[in-house]
Amino acid sequence: MCGIAGIIGRIDETNRVALERMNDAMVHRGPDANGIWCSAPDSRGWGALLAHRRLAILDLSPAGVQPMIDPVTGHVITFNGEIYNYLDLRRRLEGEGQQFQSSGDTAVMLRALGLHGPGAVSWLRGMFAFACWDQKQRRLLLARDHLGIKPLYVARSSDPESGWSVAFASELRALLASGLLGKPQLDPQAAASCAWNGFVVGPTTAVRGVELLWPGQLIEFDGAGKEIRNEDFWRIPAAAPAPVMNENELSAILEEGLRLHLASDVPLAVFLSGGVDSSAMANLAQRAARSPIHTFTLAFEEQELNEGPIARQISAAIGTEHHEVVLTEGQFVANLDAALDSLDQPTFDGLNAYFMSRAIRDAGFTVAISGTGGDELFGGYPTFRDLPVLQRWLGRAGFVPRGLQVAAARLATWPLRRSGQSVPPQTRWAKLPDMVSRGDDLVALYQLASALFLPDWQQELLAPGYADVLADGLPAAMRQRLATETSGRTPLSAISVLEQRLFLGERLLRDNDVASMAASLEQRVPLVDHVLFEALDRLPDETRYQPLGRKALLRRIGLRGLDPELFDRPKSGFVLPFDRWIRQGLRGVMDQTMRDPQAIAPCGLDPAAVVRLWQTFLDGGSGFYWSRVWSVYVFIRWCHRNRVFR
């Protein structure tokens, strides 16, 4: 887990300084070492400049330092992530007569790319984002892992006289720090996405002209920065393969994946929230380890959200060495600026991972395993139950014209619109008319169900024209990809893909990456693994999801030897007590921002609408979960902190 950056452009002092600024902006991603490498210039004086920030996990010796030059092929790589099957790849290459000086994964993947070209990317199992320069052909290959665990941002110059054509980095803020983008502008799609989703959905970013590589995508540029290859080396198929997998085979794949994720030359810990996903990871890790593993839980004084007691019971049952970190409201408020500054893009999530990561790192650990991804794979969210039910009811009422169905939904929700609040309730029930009108389109239905605000209210909240730049809250490219990847699937399988791509891929993974890296901690997610995904995709829905919400299959595999009663309780997410804290310790600082027109307007929001929203929340208006005001506040703060405006 590291930070990477690079430029295709003139090999001169201007670009070297820009690259150094990018590298310095990511010191938190790699405090152990840093390096910069420049290619030989071509006849025009152009070439590739690569930078790397190292968080040493495997091969702690100088042989693992990057950018790394392969002594056989001459290829140069800057790489962020972990390749979990690198020992198998090493044996494969040794069978071809290759030898290695480094014991780590970087040298193996570099040799594979140098000998076998871009096709070798599909051999990799892990989390990765990298740039590999072919010195002979003068080509730069960029790639991002199958499911998007590691981010990779790319900017392209529109000015042929600028002296650079392509710049990339592990963080958007590193590109901003480079100075290459001039005066950065807010992308209207980002403002609209934050109003709908609470975060920025790719491939667009908060900054106009900067894109996020798709999961499973590779791009190749020539020495002038001209794109010569752009393809998906892996995609989610439009229809699930024939169900030929059985539970024993799946169990072996999951246990093998977990074992691969334990490889580390530095101390390793496990997040333990007390839920099924994290408990399964801790249990499987302990069964595979030779000594007690270390587990960590974030606890609160607010007992209704405190999972500390149940986590202690589960830890005792598994046999881990347990650590409990209590986060008080005072500590949260005192460290809020640092936590919010860790966010690379606007998002209303991620701070829980920040405080947990900081505690684990302070305890002396460099790697932590998380149970992120279980709900998406095994059907743990309410969407798996609610959306198919709504579609079935609409199907049964198919004899009623859709217009009459919508009218009936409006009549049923009329009391909500007549509530007398300055801003009407923004609940899922209030969205019913919109959901009925789009009930035949599962992507639209999913997006409406998860939207922070009703579409009509987004028109009021956003600057004129901003609410119309997305399709169902999504960039057009993402909307089309999701439609393709779900077109031939059952409703449950399609919802799993939507959760995988959006909630997990565009929110949780990105938030966890920047939050953990802000603490110089590598977070590994064994349940986010394309090999595991492909295996689960071959199971029938009944085996994989039923009974809905229970994640019974994961329980059977991951919780062996544990008392089932430990987990027979209502599902609760790993969340901070935001509602109470916003009304108390955070109220002053948020009130100042949410009532300041000069702070709000440059961010593409309507100041009067923001004030109404904030006041309705403070007044205890119905249908106002804390995330609705928090997402607006964080978005405004991010824009000002990074000087990105409309």
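Note: the structure precedes this text.
In this text, all values refer to a predicted model and were calculated from it rather than measured experimentally.

Helix and strand counts for the protein come out as 28 helices and 17 strands. Over its C-alpha atoms the protein spans a radius of gyration of 24 Å, differing by no more than 12% from the 26 Å that the globule rule assigns to 646 residues. Seen through its principal axes, the protein has C-alpha atoms that stretch 70 × 60 × 55 Å. Here the protein, with 646 residues, has 61% of them falling under the buried criterion. A separation threshold of at least 6 residues defines the contact pool for the protein, and within that pool the share at least 24 residues apart is 73%. Just so you have it, the protein exposes about 23,700 Å², and 51% of that area is on carbon and sulfur atoms. The protein carries 66 positive and 72 negative side-chain charges, and their two centres are separated by 2 Å.

Our focus in this paragraph is the pairing of strand E7 (residues 139-144). The buried fraction of E7 is high, at five of six residues. In this sheet, E7 lies alongside strand E6 (residues 126-134) in antiparallel orientation, the contact comprising six bridges. Directly across from Ala129, in E7, lies its bridge partner Arg144. The hairpin formed by E6 and E7 contains four residues between the paired strands, and Arg138 there has a positive phi angle of roughly 55°. Two elements, E7 and strand E11 (residues 217-222), share five bridges in a ladder whose sense is antiparallel. Note on E11: the bridge partner recorded for Leu142 is Ile219.

The next subject is the sheet that holds strand E16 (residues 367-369). The parallel open sheet is built from five strands, whose spatial order is E15-E14-E13-E16-E17. Each edge of the sheet is formed by a strand with only one pairing partner; in this case those strands are strand E15 (321-327) and strand E17 (522-524). Recorded for the sheet is a direction-independent mean angle of 30° between the axes of neighbouring strands. The sheet contact formed by strand E13 (residues 268-271) and strand E14 (residues 294-300) spans three bridges and is parallel. Counted as the bridge partner of Phe271 is Phe296 from E14.

Another point: helix H17 (residues 442-450). Counting buried residues along H17, eight of its nine residues qualify, which places the element largely inside the surrounding structure. Close packing links the buried residues of H17 with helix H5 (188-197), helix H13 (383-396), helix H16 (432-437), helix H18 (455-461), helix H19 (476-486) and helix H20 (491-518). One side-chain oxygen of the residue at the start of H17 lies 3.1 Å from the amide nitrogen of Val443, identifying that residue as Asp441.

Right, let's talk about the packing of helix H11 (residues 351-362) against H20 for a bit. Between H11 and H20, the shortest axis-to-axis distance is 8 Å and the interhelical angle comes to 35°. Once H11 is placed against H20, the crossing between them reads as right-handed. On H20, the residues that touch Ala353, Tyr354, Ser357 and Arg358 of H11 are Asn512, Ala515, Ser516 and Ala518. When grouped by side-chain class, the residues that make up the contact of H11 with H20 number four nonpolar, three polar and one charged.

A few words on helix H25 (residues 587-594). Listed in full, the buried residues belonging to H25 are Met590, Thr593 and Met594. One side of H25 holds all its buried residues, which, seen down the axis, span an arc of 90°. Elements in contact with the buried residues of H25: helix H24 (578-583), helix H26 (597-600), helix H27 (607-618) and helix H28 (626-642).

Turning next to the nonpolar core. Nonpolar side chains in soluble globular proteins tend to be buried together. Residues Phe130, Phe332, Leu351, Ile582 and Trp630 are the most contacted members of the largest nonpolar core, which totals 199 residues. The element best represented in this core is H20, accounting for 12 residues. Beyond its immediate stretch of four places on either side in the chain, Ile582 contacts Arg587, Met590, Trp614, Phe617, Trp626, Val629 and Trp630. Ala48, Leu50, Leu140 and Leu213 belong to the second largest nonpolar core, which has 18 residues in total.

By volume, the second largest pocket is sized at about 280 Å³. If you go around the second largest pocket, you meet 17 residues; those closest to its centre are Arg156, Ser158, Leu180, Leu181 and Arg208. Classifying every residue of the lining of the second largest pocket gives seven nonpolar, six polar and four charged.

Below, the discussion takes up empty space enclosed by the protein. Under the criterion given, the structure shown has seven cavities of 30 Å³ or more. Taken as a whole, the second largest cavity spans an internal volume of roughly 100 Å³. Forming the boundary of the second largest cavity are 13 residues, of which Gln345, Thr347, Arg510, Asp511 and Val514 lie nearest the centre. For the lining of the second largest cavity, the element with the highest residue contribution is H20, accounting for five residues.

Below, the discussion takes up the pairing of strand E3 (residues 46-54). Along any regular strand, the residues point their side chains to alternate faces of the sheet. Of all nine residues in E3, nine are buried, a share of seventy percent or more. Two elements, strand E1 (residues 3-10) and E3, share eight bridges in a ladder whose sense is antiparallel. Across the sheet, Arg10 pairs through a bridge with Trp46, a residue of E3. Looking at chain direction, strand E2 (residues 33-38) and E3 are connected through six bridges and run antiparallel. Residue Ala33 lies in a different strand from E3, and its bridge partner there is Arg54.

Here we take up the packing of H27 against H28. For any two helices packed against each other, one specifies the inter-axial angle together with the distance between the axes. Contact geometry of H27 with H28 gives a least axis separation of 10 Å together with a crossing angle of 140°. Put simply, H27 runs oblique to H28. Here H27 and H28 pass one another in a crossing that is left-handed. Counted together, Val610, Leu613, Trp614 and Phe617 of H27 and Trp626, Arg628, Val629 and Val632 of H28 form the full contact between these two elements.

With that settled, the discussion passes to the packing of aromatic side chains. Under the counting rule described, the total for this entry stands at 17 aromatic pairs. Taking the centre distance of 5.9 Å and the plane angle of 80° together, the rings of Trp234 and Phe533 count as edge-to-face. Note that Trp234 is positioned in the loop between strand E12 (227-232) and helix H6 (247-261) and Phe533 in helix H21 (residues 530-536), a separation of 299 residues in sequence. Taken together, Phe300, Phe332, Phe348, Tyr354, Phe355, Phe578, Trp581, Tyr625, Trp626, Trp630 and Tyr633 form an aromatic cluster joined through their ring pairs. The side chain of Arg481 reaches across the aromatic face of Trp214, ending 4.0 Å from its centre. Lying across the ring of Phe617, Arg583 places its NZ or CZ 4.0 Å from the centre.

A separate point is the sheet that holds E2. Spatially, the six strands line up as an open sheet ordered E2-E3-E1-E9-E8-E10, and their pairing is antiparallel. Where the open sheet ends on each side, the last strands, each with one partner, are E2 and strand E10 (210-212). For this sheet, the mean inter-axis angle between neighbouring strands, taken without regard to orientation, is 15°. The sheet strands contacting helix H1 (residues 13-25) are E1, E2, E3 and strand E9 (164-169), and the helix crosses E1 at an angle near 165°.

Cut-offs and rules
Every chain's residues receive numbers from 1 upward, in the order its sequence appears when written. Totals for whole chains, interfaces and linings use all residues, but because this is a predicted model, local features are given only for residues with pLDDT of at least 70 and pairs of side-chain atoms are given and counted only at 80 or more. Hydrogens and water molecules were not included; the side-chain quantities draw on all heavy atoms of the structure. Starting at the N terminus, helices and strands are each numbered in turn, a helix being any DSSP run of H or I of at least four residues and a strand any DSSP run of E of at least two. Computation of the radius of gyration draws on C-alpha atoms, with the globule rule given as 2.2 Å multiplied by the number of residues to the power 0.38. Three labels apply to residues, based on accessible area from a 1.4 Å probe with only protein chains included: buried if under 20% of the type maximum, exposed if over 50%, partly exposed otherwise in between. Residues are treated as being in contact if the distance between any of their heavy atoms lies within 4.5 Å. Per-residue and other accessible areas were derived by the Shrake-Rupley procedure at a 1.4 Å probe size, with only the shown protein chains allowed to occlude residues. When charges are counted, Lys and Arg are positive and Asp and Glu negative, with His and the chain ends excluded. To locate a charge, the coordinates of NZ of Lys, CZ of Arg, CG of Asp or CD of Glu are taken. A pair of strands is considered paired only if DSSP assigns at least 2 bridges between the two. Angles shown run from 0 to 180 degrees and are taken between the N-to-C directions of axes, each axis being a line fitted to C-alpha atoms and, for helices, limited to the stretch in contact. Within 3.5 Å is the distance limit for a polar contact, defined as a pair of N or O atoms, with the added protein rule that one can donate a hydrogen and the other accept it, and that residues adjacent in sequence qualify only through two side-chain atoms. Each crossing gets its handedness from the near helix: less than a right angle anticlockwise from the far helix is left-handed, clockwise is right-handed. Side-chain classes follow a simple rule in which Ala, Val, Leu, Ile, Met, Phe, Trp, Tyr, Cys and Pro form the nonpolar group, Asp, Glu, Lys and Arg form the charged group, and the remainder, Gly included, forms the polar group. This arc describes the spread of directions from the helix axis toward the C-beta atoms. By convention a nonpolar core is built from buried Ala, Val, Leu, Ile, Met, Phe, Trp, Tyr and Cys residues, the set being connected through side-chain atoms within 4.5 Å. Think of a 1 Å grid over just the protein atoms. A cavity is a set of points where a 1.4 Å probe fits yet cannot get out, a pocket is an open set with protein on both sides within 12 Å along at least five of seven lines, and lining residues have an atom within 4 Å of a point. Grid points are joined across faces, edges and corners, and a volume is the space filled by probe spheres set on the points. Angular relationships are summarised with four words: roughly parallel below 35 degrees, roughly antiparallel beyond 145, roughly perpendicular across 65 to 115, and oblique for the angles in between. For this analysis, a ring pair means two rings from Phe, Tyr or Trp (six-membered ring only for Trp) whose centres lie within 6.5 Å, classed as stacked if their planes differ by under 30 degrees, edge-to-face if by over 60, and tilted for the remaining angles. Charge-over-ring contacts are defined here by two conditions on Lys NZ or Arg CZ: a distance within 6 Å of the ring centre and an angle within 35 degrees of the ring normal.

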